[in-house]
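# Understanding the architecture of this molecule
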Amino acid sequence: MNYTAINPYNDQIVATFPTTTDEQLQSTIKLADEFYQDASRQATHERMTALVALADEFENDLAYYAHFLTTNMGKLQREAIDEVKKTAAMARFYGEHGDQFLINKDYPSASAPNSYVEYRPTGVVVAIEPWNFPYTQVMRMFAPNFLLGNAVILKHASIVPECAQAFQHACQKVNLPRGAFTNLFADYGQIDKLIADRRVQGVALTGSEKAGRIIAASAGKALKQSTMELGGTDVFIVLKDADIFQAAQAAAKARLSNAGQVCASAKRYLIADEIYDEFMQQLTAVFATYQPGNPSLVTTNLAPLSSKNAQAKLQQQVTDVLAGGAKIIWGDAKPIDGPGAFFNPLIITGMAFDNPMYDTELFGPVAQVYRIKNDADILKLANTSNHGLGGAIYTQDIEHAKILAHYIETGQVAINQVLSSQSEIPFGGIKDSGYGRELSDLGILAFANIKAIIN
Ligand code: NAP
């Protein structure tokens, strides 16, 4: 298996790493299990202090950590800095508030009225993470598990090995206990072995549906707890009373940030008939300001895709979308030649239910737009989907937005703001977008032993 970072701006190899050996795999599980055994007897506040130190480490060296995001997967420099800050904020959140989520819960109405539940660690948890947010995806899994006392073994996406190594470096720099966090450049067979190992008690995957089905099956076979954070085809709804300027700016940002490679982003715009023309005029004007360029320059606002493979895959998907009957209403679908993995932003329409590509997640700067007449249209489009990750609604009538949000079949819906994960709020999906929740108090409970003491 090949763990190689290739800069998607110029197609140059940046770094390559050998695959983990089976001996390394075994020694890692042993150390991770020892950490779990120690942590289950240690006070939580010691790990909270360590998480605050980890937050400080990321925050004090923003440029160092951001650099790897840009060179490994092409993230814009300013978005890379933002991701490092968000990574620090997640560690700090659990470092400062985590113990509140681990307070015993009483069950006074039980027949044994002094009964309570306590939250205990379970062992080693494997984190399989994607390349689109190489640090936050890892931190949102690591921080709550570390706080609880679970050890985390990381298998990162093979195209961002330096990011995985930088995360490990941060943990070592602040002297986290050995075994608490270990990055492995493991192959798929080794991941299967890990999941089957008796000391491993869970596996968290963030990635594609394809990987989700495979990893969930491995976890099921080994009777291990799992969480699946998978893809989406989120709607971005603009009602007739919305602030059109605000909505158009947000719609472009929600689709084009991270070069459109965001799980919970505005993939389908649903625009009220009454404001459709004006909204589209404003939206296309904002899209036109996004120009592909060198992600290391502060002036660039559209990054390359993460790899040449991602570029070729999206190009083929767009070809298939158009062959299925959809039309481009803004942008140029011609491939961009050259070493960079660039993709021109596109807005397409006419994506009908019978298009074979309907409901396919297009992971790049390609938006779909629908003209909608009423709430029934909105809910039909939003819920005619096997995905159930997120969504956003723009309107001045908050009560109306809440009613729509109530009926949209996804794990989260944002009102008058771009949907993004936040430490304080649970994040996750339903349907083919996966199961389980990360972040907030629920992120800690995902791999906890929720133990009842009957008294
Ligand atoms: P991917 O191909 O599924 O890869 C994700 C991770 O799974 C990588 O580390 C990959 O390793 C690993 N993997 C894949 N198949 C595996 C197998 N059979 N055994 C063990 N490990 C395996 O997904 P991606 O293309 O990198 O990521 C993009 C997807 O992630 C999109 O669908 C996006 O929507 C989703 N995502 C979801 C969320 C969320 O919170 N719901 C957040 C971010 C991204 P290799 O790189 O070595 O193949």
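See above for the structure.
These notes cover the structure that comes with them. From a predicted model like this one, the values you see are computed outputs, not experimental measurements.

### Digging into the sheet that holds strand E20 (residues 449-453)
Across the sheet, three strands lie side by side as E3-E4-E20; this open sheet has antiparallel pairing. Strand pairing shows two members of the sheet lacking a second neighbour, strand E3 (105-106) and E20, which therefore form its edges. One ladder, built from two bridges, connects E3 with strand E4 (residues 116-120); its direction is antiparallel. Bridging from a neighbouring strand, Asp-106 pairs with Tyr-116 of E4.

### Some points on the pairing of E4
Note that E4 and E20 share five bridges and pair antiparallel. Note that in E20 the partner of Tyr-116 across the bridge is Ile-453.

### Observations regarding the layout of surface pockets
Roughly 1600 Å³ of volume is contained in the largest pocket. Around the largest pocket sit 49 residues that line it, and Trp-131, Tyr-188, Gly-207, Ser-208 and Lys-313 are the ones nearest its centre. The biggest single contributor to the lining of the largest pocket is helix H11 (residues 308-323), with six residues. Here the residues of the lining of the largest pocket are counted per class, giving 21 nonpolar, 18 polar and ten charged. Around the second largest pocket sit 32 residues that line it, and Lys-86, Phe-133, Ser-257, Val-262 and Ser-420 are the ones nearest its centre. When residues of the lining of the second largest pocket are traced back to their parent elements, those giving at least two are helix H4 (77-97), helix H5 (136-148), strand E10 (235-238), helix H9 (244-256) and strand E16 (391-394). In terms of residue count, H4 provides more of the lining of the second largest pocket than any other element does, six residues in total. Across the lining of the second largest pocket, the residue classes break down as 13 nonpolar, nine polar and ten charged.

### What about the site of the ligand?
Around the ligand, the surrounding shell holds 28 residues, and the nearest of these are Trp-131, Arg-140, Tyr-188, Ser-208 and Glu-361. Between the ligand and the protein, one listed contact pairs an oxygen atom with a backbone N or O atom of Glu-129 at 2.8 Å. Within the side chain of Glu-361, one N or O atom sits 2.6 Å away from an oxygen atom of the ligand. Considered on its own, the ligand offers 910 Å² of accessible surface; in the complex 88% of this is hidden by protein.

### Notes on the packing of aromatic side chains
Evaluated as defined, the whole model comprises 23 aromatic pairs. Look at Phe-93 and Tyr-94: their rings are 5.0 Å apart centre to centre, the planes differ by 75 degrees, and that puts the pair in the edge-to-face class. One exposure class covers both Phe-93 and Tyr-94, and it is buried. One residue, Arg-371, lies across the ring of Tyr-276, its end atom 4.1 Å from the ring centre.

### Remarks on the pairing of strand E13 (residues 346-349)
Here strand E12 (residues 327-331) pairs with E13 via four bridges, running antiparallel. Bridge pairing in E13 places Ile-328 opposite Ile-348. Sheet topology places E13 next to strand E14 (residues 366-372); four bridges connect them, and they run parallel. Of the residues in E14, the one forming a bridge with Ile-347 is Ala-367.

### Some thoughts on the packing of helix H3 (residues 62-73) against H4
Where H3 meets H4, the axes come as close as 8 Å, and the angle between the chain directions of the two elements is 120 degrees. In this view, H3 runs oblique relative to H4, as classed from their interaxial angle. Seen along the crossing, H3 lies across H4 with a hand that is right-handed. Side by side, H3 and H4 meet where Leu-62, Ala-63, Tyr-65, Ala-66, Leu-69 and Thr-70 of the first sit next to Gln-77, Ala-80, Ile-81, Glu-83, Val-84 and Lys-85 of the second.

### What to know about the sheet that holds strand E9 (residues 225-229)
Adjacent strands of a sheet form backbone hydrogen bonds with each other and so pair up, either parallel or antiparallel. Taken in spatial order, the six strands make up an open sheet running E7-E6-E5-E8-E9-E19, and their pairing is mixed. Whereas interior strands pair on both sides, the edge strands pair on one side only; in this sheet they are strand E7 (181-184) and strand E19 (434-435). Of the pairings in the sheet, the one linking E9 to E19 comprises two bridges and is antiparallel in character. Looking at the pairing, Met-228 lines up with Tyr-435 of E19. On the sheet, helix H1 (residues 22-39) packs against strand E5 (124-128), strand E6 (151-155) and E7 and is oriented at approximately 150 degrees with respect to E6.

### So, H9
Counted at 1.5 Å a residue, the expected span for H9 with its 13 residues is 18 Å, and the 18 Å between its end C-alpha atoms agrees. Along H9, the residues classified as buried are Ile-244, Ala-247, Ala-248, Ala-250, Ala-251, Ala-252, Ala-254, Arg-255 and Leu-256. Structurally, H9 contributes buried residues whose contacts are with E10, strand E11 (268-272), helix H10 (276-288), E14 and E16. With a side-chain oxygen lying 3.2 Å from the backbone nitrogen of Phe-245, the N-terminal cap of H9 falls on Asp-243.

### A word on the state of the cysteines
One covalent bond between the sulfur atoms of two cysteine residues makes up a disulfide. Counting across every chain of the model gives zero disulfides. Note on Cys-171: no disulfide assigned, nearest cysteine sulfur contributed by Cys-163 at a separation of 14 Å.

### Remarks on unusual backbone geometry
We note that Asn-258 has phi near 55 degrees; this positive angle belongs to a residue other than glycine. Secondary-structure assignment places Asn-258 in the loop between H9 and E11. On the accessibility criterion, Asn-258 (4% relative accessible area) is buried. Phi is positive for Ala-259, close to 55 degrees, though the residue is something other than glycine. You can see Ala-259 is positioned in the loop between H9 and E11. Ala-259 gets classed as buried once you look at its relative accessible area, which sits at 1%.

Criteria and thresholds
Residues numbered from 1 in each chain as written. Predicted model: local features only at pLDDT ≥ 70, side-chain atom pairs only at ≥ 80, totals over all residues. Heavy atoms only, no water. Pairing = 2+ DSSP bridges. Helix = DSSP H or I, 4+ residues; strand = E, 2+ residues; numbered from the N terminus. 1 Å grid on protein atoms, 1.4 Å probe; cavity = no way out; pocket = protein on both sides within 12 Å on 5 of 7 lines; lining within 4 Å. Points joined across faces, edges and corners; volume = space filled by probe spheres on them. Nonpolar A, V, L, I, M, F, W, Y, C, P; charged D, E, K, R; others polar. Near = heavy atom within 4 Å. Polar contact = N/O pair within 3.5 Å; in protein donor to acceptor, adjacent residues only side chain to side chain. Areas by Shrake-Rupley, 256 points an atom, 1.4 Å probe, with all protein chains shown as cover. Phe/Tyr/Trp six-rings, centres within 6.5 Å; stacked < 30°, edge-to-face > 60°. Buried < 20%, exposed > 50% of the residue type's maximum accessible area, 1.4 Å probe, protein only. Lys NZ or Arg CZ within 6 Å of the ring centre and 35° of its normal. Axes fitted to C-alpha atoms, helices over the stretch in contact; angles between N-to-C directions. Parallel < 35°, antiparallel > 145°, perpendicular 65-115°, else oblique. Left-handed = near helix turned anticlockwise from the far one by under 90°. Contact = heavy atoms within 4.5 Å. Expected span 1.5 Å × (residues − 1). Disulfide = S-S within 2.5 Å.

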